[in-house]
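# Summary of structural features
Single-letter residue listing:
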Amino acid sequence: MLEPPFLKPLLPPEGSAFYTYILLCADGTFYTGWTTDVGKRLKVHNEGKGAKYTRCRLPVSLIGFWKFETKSEAMKLEHWIKQLPRTAKQRFIQDEKIPLDFLKACRNEDL
């Protein structure tokens, strides 16, 4: 399957932190997760040992990731992204910025 032009595979970041990431699966669907090591997690997904969802949709490519200081923030963004319709996810990936409504919601909660 051809990738839409806005979805360019990325290189995983280096260093330790908490990350929310989005993968493009071979069937054109998106998978969102969180991790402390994006490169290692991408490798695990592509070895078929990652999430059940990605195992039958290999190979996967990293198309977006966001760095956080806390696990809670990374998990909250993961959940927020999973609630979005596909078109909103595509816009989110293109913008590469964390939307203000998500940030406001996080500030109103105890992180």
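How each quantity is defined
Residues numbered from 1 in each chain as written. Predicted model: local features only at pLDDT ≥ 70, side-chain atom pairs only at ≥ 80, totals over all residues. Heavy atoms only, no water. Salt bridge = Lys/Arg side-chain N within 4 Å of Asp/Glu carboxyl O. Helix = DSSP H or I, 4+ residues; strand = E, 2+ residues; numbered from the N terminus. Buried < 20%, exposed > 50% of the residue type's maximum accessible area, 1.4 Å probe, protein only. Contact = heavy atoms within 4.5 Å.

Moving on, we get to the pattern of salt bridges. Pairing between side chains of opposite charge can happen when the charged atoms of each approach one another. By the definition in use, this model includes four salt bridges. Close ionic contact of R57 with D27 constitutes a salt bridge, the shortest N to O distance being 2.9 Å. On the criterion of sequence distance, the pair formed by R57 in the loop between α2 (52-55) and β3 (61-68) and D27 in the loop between β1 (18-24) and β2 (30-35) is long-range, its members being 30 residues apart. Overall, D27 belongs to the partly exposed group, its relative accessible area being 34%. Residues joined in a network through salt bridges with shared partners are K43, E47 and K49.

Before going further, it helps to examine the environment of K89. Position of K89 relative to the elements: it lies in helix α4 (residues 86-95). The buried category is assigned to K89, whose relative accessible area is 15%. Note: C-alpha distance between K89 and F30 (59 residues apart in sequence) is 8.6 Å. Once residues lying within four places of it in the same chain are set aside, the contact partners of K89 are F30, I81, K82 and L84.

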